[in-house]
Protein chains: 4
Amino acid sequence: MTGIALLTVPTTDPGDTRPFEVLTETGYRTDDLVSVIGKTEGNGCVNDFSRTLATAVWEPRIPEAAVTVFSGGTEGVLSPHVNMFVRDDRHHPGFDRGLVAAARRSRVLDPGEIGRANQVDTVADTVGKLLAELGVTPADVHLVLVKCPLLTSDKITALHAAGQVPVATDTYASMGWSRAASSLGIAVALGECDRATALRALAGAADVWSARASASAGAELDDCHVLVVAESPTAANPLRALHGHMADAIDLASVQELLSQVAAAGGTVRQIFAKAEADPRGSVRGLRHTMLTDSDINATRHARGAVGGLLSALKGDGAVYVSGGAEHQGPPGGGSLTVIYELPTPEGTDAP
Amino acid sequence: MTGIALLTVPTTDPGDTRPFEVLTETGYRTDDLVSVIGKTEGNGCVNDFSRTLATAVWEPRIPEAAVTVFSGGTEGVLSPHVNMFVRDDRHHPGFDRGLVAAARRSRVLDPGEIGRANQVDTVADTVGKLLAELGVTPADVHLVLVKCPLLTSDKITALHAAGQVPVATDTYASMGWSRAASSLGIAVALGECDRATALRALAGAADVWSARASASAGAELDDCHVLVVAESPTAANPLRALHGHMADAIDLASVQELLSQVAAAGGTVRQIFAKAEADPRGSVRGLRHTMLTDSDINATRHARGAVGGLLSALKGDGAVYVSGGAEHQGPPGGGSLTVIYELPTPEGTDAP
Amino acid sequence: MTGIALLTVPTTDPGDTRPFEVLTETGYRTDDLVSVIGKTEGNGCVNDFSRTLATAVWEPRIPEAAVTVFSGGTEGVLSPHVNMFVRDDRHHPGFDRGLVAAARRSRVLDPGEIGRANQVDTVADTVGKLLAELGVTPADVHLVLVKCPLLTSDKITALHAAGQVPVATDTYASMGWSRAASSLGIAVALGECDRATALRALAGAADVWSARASASAGAELDDCHVLVVAESPTAANPLRALHGHMADAIDLASVQELLSQVAAAGGTVRQIFAKAEADPRGSVRGLRHTMLTDSDINATRHARGAVGGLLSALKGDGAVYVSGGAEHQGPPGGGSLTVIYELPTPEGTDAP
Amino acid sequence: MTGIALLTVPTTDPGDTRPFEVLTETGYRTDDLVSVIGKTEGNGCVNDFSRTLATAVWEPRIPEAAVTVFSGGTEGVLSPHVNMFVRDDRHHPGFDRGLVAAARRSRVLDPGEIGRANQVDTVADTVGKLLAELGVTPADVHLVLVKCPLLTSDKITALHAAGQVPVATDTYASMGWSRAASSLGIAVALGECDRATALRALAGAADVWSARASASAGAELDDCHVLVVAESPTAANPLRALHGHMADAIDLASVQELLSQVAAAGGTVRQIFAKAEADPRGSVRGLRHTMLTDSDINATRHARGAVGGLLSALKGDGAVYVSGGAEHQGPPGGGSLTVIYELPTPEGTDAP
């Protein structure tokens, strides 16, 4: 059993250590951490040292087996925070199932593998191991989060020097390739497509996406950090999850549909994990957007700001996990969507 | 009578002249234009030449009495477009009232007057003349739009050379002062506060705001362009308006309240005019935002992106008029809000 | 004969029409304009409407045969200005040769041709016609300036819809491809490489560059604007030019070498035309630069700012023509360089 | 005695620990560090977490008495690096004087003190203590570097809540006020003006500046870090320094004058410390610049890029310390300038 609790804590800056105190005050230990999923306030792009700073603060303090995923970019009303997935195997009376989670790091990727088949395979393999570890099937899974590397100028130059061709010579563009490969690896592991189709999708020749994949890239790591969140009868806790997808960046209906299900179950929304991207066709519902022609602000920043504005209003606060760049994570122009919620404790039972 | 019709037309770039053709195709002439209110795709700040380009294209073609208001910034899903308020004094059968509008330019402001009492007075005076011209009372008004000047480096240097003190030495900051003075002028003209209170508010010593004011500043003009939109029994058309305000940038409830009223009346939303700003306290509902500490993207761009994401989703498309910088236009951190909608033609009547 | 004079005039904004007055005051007519080469103050990238605004102001006023080249981006100390090349066929006593110039527009390029062989050929063809028109050989040429189109979101979507593959799906990246194709067309026309080599260079398989090519891309045009400046015995004026290249962005020695030649000839520097780029290897003389990993400011802006700082200091003022993105215009990381200078009128002679 | 050596080491990222190895390889210990003065690759403005990351890596490893000054912003050709001032009291044969340095941290400043008289006094006091510690007079000093705090949104809100008025409500503007107060404190300590004049200068009523002051602000500290570098007969080493100022951002002559003195002495330039700013009058030598009207890139970034381009070309590499925002550090539009150089070891002597 790896039942979990979820603690969402605001941060005052990327190096804020207050969440560790909250962990302790809530009765958990650092050793209980399965994963820390944070939004930090950098640009979310190549030179985002807010992520690196957060990583430098968190990595030395968490268990070897735990992983961090810091996603930069809190444009607009988005609020910097961390989501701590904590091991909590207590049996909550009145519940016969619950959320479980497991995390691990993949092997280190060679720069030449970034954005390519080897990354697809590596992520698929890591997700597969996590499913086995949790004892769940793909159908039980509601969210797979991946943090994966990108290509810096140094890595690109090194590849060229070695006679190799990098997947992209633009550092920002390399982030998209890395997210794409990770997401297709997730799709393969979840049985949403086979490997051959995934590779064709990576080459632009197939349209494949997963509504449960959430991948972000960063310069602060060389391997892939992977977290799987699923529902399982091996746990007994009040956390539940739903997943779906936004068809485009203003797809209010799809979000409301999930929130209605939560309300119908009497649940309380605990967190929304969403991916967002500028529609690659340059328009949303037939009207032109300017995210792809704005040379002052990268498209991923625009997309987070817009979708963050919508989801924050729906959740009622800005501590939402909206990550930019949704290649193969939801349909083009849209994005994957997971809502974690908490059921009320049934009457007549006590908290564990 | 100055009854109006409203045409909202997407633009392919700030210099796009397609809307003139739409005007003609719809049966109007350029001479019918009362005002053109556009969103252009620049940064919405000091060096936004998308506004200047649009102005250069429109000003020579519209009637002397008409005014343009181009608001830069289509962050996120916002879509560049123009809203043409066209004189249409036809009596629409089945309607005994309708929307009316009038516009005019104020006198030219001296750079030393920008952001100061003289600008408050000038705008108040111009709005007053427009109310008189329309024959409406402040209670009939749903929207007052103002475009006003800002201080460029040249103007600041000229003021210093003349021994005068500009309201701000930072060009971007001067935009806020100009918007504030315009908005307080609107509040005075609408009887929402007296002149003395407005001046104290400008000095930071009073909390005054108008839910019907929408002001934006630009380097492309030296006077103030003012448009008043009101409801009046002197017109007979299917257009109606509602106004309210967002209490903060994620105030979904206030927007939904207005939209519910439109739905209850059987109406169709034609346009939403909203102001947005980064909450000056640095947080939204107790959670920190980073719009005011982001030195890469100005706060007004963040605010437009977030509120634009919400309102576009609610309207169902990105051609929404969201303008950044809401000093005295709605409460701090929130913004003024006007919804223009169209009632169905009553059964048994024909369009004029 | 097409002898020329050069007028460099500061501008107060991209739409400033003061240079037309200067033209008249100096004794020229608008009809004398051969070309207007301006620096405008936008971002120099895809959504640079300062270029479009300048184009909208200039194009209707200049002769059909004249061309405009507006290069956006006046980062740092660079100062917005226009360089007017004016036909002046007067024989200046004491001179037996002088600068000549000619300009023309190419055919319109289809979006699918941008950045590809057809653009190379089109530019080469246009340059060839201008050489013939001027009656000069490639050896006489000191500068070939080209303004060429880029791919917007709309054009990319249209290509995809037509089943075509654009040279780049990123709008900013398309600027680099267009500049590359134009520059290689210049190299072919000047006999610096053959067509086959140019096409291999475009494919990344050959290292070819011209020290006399200066290309910039913009969304404001669909054809290519081309200007050739050469020295010729058919003219008799005091203008002369030198060309060379900067080996990297801090190559002070190469610039000083040209300036020393000017000084040795008793000349006065009238203008410097330079291209600048972030070294694609990520370092300058072995030290890492961060232009290619900065996701907040595009690399072309960085490069203009740095090289502009150096050249402005050497010229003594900021009205220097530094254009960003130097693909095949000078060696990688460096850029082409042309100095136009004026010889003193020999003693005992009078100005014409 | 506190003779020093200077080690300048490139960094691969703000958290790079390679310089510690270089320190050891060169024969020094971490305990020998007097101060670490680094250029990191963030935006150099409010949300520059590259500085915070560098601070997080360095502060725990250096002696209690040592101070760090990380200045963000390596625009253009500037290259991220650290300058380690290391205690080296060995007597270098053949030298009868040398560079000395000392550093310390001031008391913590209350947010309400930032940019005000108390900060002037605090910095002046700290510099005074360092002069006494070194046993030097103001005339011996060539450089005083200060890192000082700024106002974040949180601090501004806290001041307002406490009924206090912050020196600025714009976080970026607060950096300028803090630099100004620190620089005037330096001027007072060096006897360049008296306290009353400094306070009048802070209020904009006097024109005072120091050619030896270099101040930068950051969110990563609450006190002031101060380093004094002077020449003294109590040391015997080959390091020497010169100081002067740039009159404007293209003041090549002033830099060349210092470099000529170095060359005349047979010295080798080891480092250049310069401040840069956008001329507050909006022009350089009569020609308009656009740094103050560019709402996409802050003026300090522009200024560093331009001056960095010039100084890197003169030094021959990009590892130059150019810091932006030169309030009272050199004349308006210019900046303070210190060149550290190394004399050759006299013949017949051996290195210690």
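For every chain, the first residue of the written sequence is number 1, and numbering continues from 1 along that sequence. Each chain is given a letter, starting from A, and each ligand a number, starting from 1, according to the order in which they appear as written. Predicted model: local features are reported for residues with pLDDT of at least 70 only, side-chain atom pairs are reported and counted for 80 or more only, and whole-chain, interface and lining totals are derived from all residues. Based on all heavy atoms of the structure, the side-chain values leave hydrogens and waters out of the count.

Chain A is annotated in an unreviewed UniProt entry as Cyanuric acid amidohydrolase of Nocardia jinanensis. Recorded in UniProt under Catalytic activity (unreviewed entry), the annotation for chain A is "cyanurate + H2O = 1-carboxybiuret + H(+)". UniProt positions are given in the numbering used here, feature names are shortened, and annotations may be inferred rather than shown by experiment. Chain A has a UniProt comment under Sequence similarities (unreviewed entry) that states "Belongs to the cyclic amide hydrolase (CyAH) family."

**Q** Would you explain the overall build of chain A in this entry?
**A** A run of DSSP states H or I qualifies as a helix once it reaches four residues; a run of E qualifies as a strand once it reaches two. Both are numbered from the N-terminal end. A tally of helices and strands in chain A yields 8 helices and 14 strands. For chain A, the C-alpha radius of gyration of 19 Å lies close to 20 Å, the compact-globule estimate for 352 residues. Taking the principal axes of the C-alpha coordinates as reference, chain A spans close to 65 × 45 × 40 Å. Type-normalised accessible area, obtained with a 1.4 Å probe on protein chains alone, sets the label of each residue: buried when under 20%, exposed when over 50%, and partly exposed for intermediate values. Counting the 352 residues in chain A, one finds 67% classified as buried. Our radius of gyration looks at C-alpha atoms and nothing else; its globule reference is 2.2 Å times the residue count to the power 0.38.

**Q** Is there a simple way to think about the interface of chain D and chain A in this case?
**A** Two residues form a contact once any of their heavy atoms are found within 4.5 Å. Facing the 8 residues of chain D at the interface are 8 residues of chain A. For the pair chain D and chain A, the two sides together bury roughly 810 Å², of which 74% comes from carbon and sulfur. Three residues, Phe49, Leu53 and Asp296 of chain D, lead the burial of chain D against chain A; their summed loss comes to 58% of the area buried on that side. One speaks of a salt bridge when a side-chain nitrogen belonging to Lys or Arg is within 4 Å of a carboxyl oxygen belonging to Asp or Glu. At the junction of chain D with chain A, the criterion picks out 0 salt bridges. We define a polar contact as two N or O atoms separated by no more than 3.5 Å, with the added condition that, inside protein, one atom must be a possible hydrogen donor and the other a possible acceptor, whereas residues neighbouring each other in sequence contribute only through side-chain atom pairs. If you look at where chain D meets chain A, you find 0 residue pairs in polar contact (both at pLDDT 80 or more). Each of two parts loses accessible area, computed with a 1.4 Å probe, when they are put together; buried area is these two losses added.

**Q** Could you clarify how one ought to interpret the UniProt feature "binding site: substrate" (unreviewed entry) in chain A in this entry?
**A** Residue and element names in this part refer to chain A. Per the UniProt record, "binding site: substrate" (unreviewed entry) is found at Arg51, Ser71, Gly72, Arg179, Ser216, Ala217, Arg304, Ser323 and Gly324. Its location among the elements puts Arg51 in helix 2 (residues 49–58). Within the local environment of Arg51, its side chain forms a polar contact with the backbone oxygen of Cys45, the two atoms lying 2.9 Å apart. Assignment of secondary structure puts Ser216 in strand 7 (residues 213–218). Aside from chain neighbours lying at most four places away, what touches Ser216 is Val69, Phe70, Ser71, Val146, Lys147, Cys148, Arg179, Lys275, Tyr321 and Ser323. Polar contacts involving the side chain of Ser216 include one to the side chain of Lys147, which spans 3.1 Å.

**Q** Please explain the sheet that holds strand 4 (residues 81–87) of chain D as it appears in this structure.
**A** Strand pairing in a sheet is mediated by backbone hydrogen bonds. Such pairs are either parallel or antiparallel. All names here are of chain D. Strand pairing is assigned whenever DSSP detects at least two bridges linking the two strands. Spatially, the 4 strands line up as an open sheet ordered 1-4-2-3, and their pairing is mixed. Pairing within the sheet leaves two strands with one partner each, and these edge strands are strand 1 (4–10) and strand 3 (67–72). Averaged over all adjacent pairs, the angle separating strand axes in this sheet is 15°, with direction ignored. Sheet topology places strand 2 (residues 33–40) next to strand 4; 6 bridges connect them, and they run antiparallel. For helices, the fitted line uses only the C-alpha atoms of the stretch in contact; every axis is such a line through C-alpha atoms, and the angle between N-to-C directions lies from 0 to 180 degrees.

**Q** Got a minute to help me understand the pairing of strand 9 (residues 239–246) of chain C in this structure?
**A** When a strand is regular, its side chains alternate between the sheet's two faces. Residue and element names in this part refer to chain C. When you tally the buried positions in strand 9, you get 6 out of 8 residues, the bulk of the element. Here strand 9 runs beside strand 14 (residues 335–342); their pairing, made up of 8 bridges, is antiparallel. Looking at the pairing, Leu242 lines up with Val339 of strand 14.

**Q** Sorry, what's going on with the pattern of salt bridges here?
**A** It is possible for side chains bearing opposite charge to pair when their charged atoms get close. Summed over all chains, the structure comprises 106 salt bridges over all chains. For Glu25 of chain C, the salt bridge is made with Arg18 of chain C, and the minimal N-O distance between the two is 3.0 Å. It is possible to trace a salt-bridge network through shared partners that takes in Glu75, Arg301 and Arg304 of chain A, Asp294 of chain B together with Asp296 of chain C.

**Q** I'm lost on the packing of aromatic side chains in this one. Help?
**A** Where two aromatic rings form a pair, the distance of their centres and the angle of their planes describe that pair. Each aromatic pair joins two rings of Phe, Tyr and Trp (for Trp, the six-membered one) with centres within 6.5 Å, and gets the label stacked for planes under 30 degrees apart, edge-to-face for over 60, and tilted for any other angle. As enumerated under the stated definition, the model contains 16 aromatic pairs over all chains in all. Ring geometry for Phe273 of chain C versus Tyr321 of chain C: centroids 5.3 Å apart, planes at 50°, classification tilted. In this pair, Phe273 of chain C sits in strand 10 (residues 268–276) while Tyr321 of chain C sits in strand 13 (residues 321–324), placing the two residues 48 residues apart along the sequence. Assessed through its relative accessible area of 2%, Phe273 of chain C is described here as buried. Among the residues examined, Tyr321 of chain C registers a relative accessible area of 1% and is labelled buried. Counting every residue linked through ring pairs, the aromatic cluster contains Phe20, Trp58 and Phe70 of chain A. One cation-aromatic arrangement involves Lys39 of chain A over Tyr321 of chain A; the distance from NZ or CZ to the ring centre is 5.7 Å. Cation placement over rings: the criterion is NZ of Lys or CZ of Arg within 6 Å of the ring centroid and within 35° of the ring normal.

**Q** Explain the pairing of strand 4 (residues 81–87) of chain A here, please?
**A** All names here are of chain A. A large share of strand 4 lies buried, amounting to 6 of its 7 residues. Where strand 1 (residues 4–10) meets strand 4, 7 bridges bridge the pair, whose relative direction is antiparallel. Bridging from a neighbouring strand, Ala5 pairs with Val86 of strand 4.

**Q** How do you make sense of the interface of chain D and chain C when you look at a structure like this?
**A** When the parts of a complex come together, some accessible area is lost, and that lost area is often taken as the interface size. Residue-level contacts link 39 residues of chain D with 39 residues of chain C. Contact between chain D and chain C buries roughly 2,900 Å² in total, counting both sides, with carbon and sulfur atoms accounting for 60%. For chain D, the biggest contributors to the area lost against chain C are Ile250, Leu287 and Arg288 of chain D; these three give 22% of the whole. Between chain D and chain C we count 4 salt bridges in total. Arg301 of chain D is the partner of Asp294 of chain C in a salt bridge, and the nearest nitrogen-oxygen pair spans 3.1 Å.

**Q** What is the right way to look at the relation of the copies chain D and chain C in this model?
**A** Copy one and copy two of the chain differ by a rotation about a common axis and a shift along it. When chain D is fitted onto chain C, the two copies agree to an RMSD of 0.0 Å after a turn of 180° and an axial shift of 0.0 Å. In symmetry terms, the pair is related by a two-fold rotation axis. In this comparison the copies share one frame, found by least squares on the C-alpha atoms of residues holding pLDDT of at least 70 in both.

**Q** Hey, could you run me through the environment of Gln261 of chain D in this one?
**A** Mapping Gln261 of chain D onto the fold places it in helix 7 (residues 252–264). With 196 residues separating them along the chain, Gln261 of chain D and Ala65 of chain D place their C-alpha atoms 34 Å apart.

**Q** Just checking my understanding: could you explain the sheet that holds strand 6 (residues 141–149) of chain A for this structure?
**A** Residues and elements named next belong to chain A. Strand order in the open sheet formed by 4 strands is 5-8-6-7, with mixed pairing between adjacent strands. Two strands in the sheet have a free side with no partner beyond their single neighbour: strand 5 (98–105) and strand 7. Put simply, the sheet's adjacent strands are angled 10° from each other on average, direction ignored. Direction of pairing for strand 6 relative to strand 7: parallel, over a ladder of 6 bridges. From the neighbouring strand, Pro149 faces strand 7, where its bridge partner is Gly218. Along the sheet face, helix 3 (residues 117–134) touches strand 5, strand 6 and strand 8 (225–232) and points at about 135° away from the line of strand 5.

**Q** Please clarify how the relation of the copies chain D and chain A should be interpreted in this entry.
**A** Take chain D, turn it by 180°, move it 0.0 Å along the axis, and it overlays chain A with an RMSD of 0.0 Å. A high fraction, 100%, of the interface residues of chain D reappear at the interface in chain A, so the copies pair face to face through one surface.

**Q** When you look at the UniProt feature "active site" (unreviewed entry) in chain A in this model, what are you seeing that I'm missing?
**A** All names here are of chain A. Per the UniProt record, "active site" (unreviewed entry) is annotated on Lys147 and Ser216. In summary, the annotated positions, though distributed over 70 residues, converge in three dimensions, the widest C-alpha pair being only 5.0 Å. Mapped onto the secondary structure, Lys147 falls in strand 6. Look at Ser216 and you get buried, because its relative accessible area is 6%.

**Q** Is there a simple way to explain the packing of helix 5 (residues 171–189) of chain B against helix 6 (residues 195–202) of chain B in this structure?
**A** If you want to describe how two helices pack, look at the angle between their axes and the distance between the axes. Residue and element names in this part refer to chain B. Running from N to C, helix 5 and helix 6 cross one another at 160°; their axes reach a closest spacing of 9 Å. Taken together, helix 5 and helix 6 sit at an angle that is classed as roughly antiparallel. Considering the relative orientation of helix 5 and helix 6, their crossing is right-handed. Across the interface between the two elements, Trp177, Ala180, Ala181, Leu184 and Val188 of helix 5 pack against Arg195, Ala198, Ala201 and Leu202 of helix 6. Note on terminology: angles under 35 degrees are roughly parallel, angles over 145 are roughly antiparallel, angles of 65 to 115 are roughly perpendicular, and the others are oblique. Should the near helix be turned counterclockwise from the far one by less than a right angle, the crossing is left-handed, whereas a clockwise turn marks it as right-handed.

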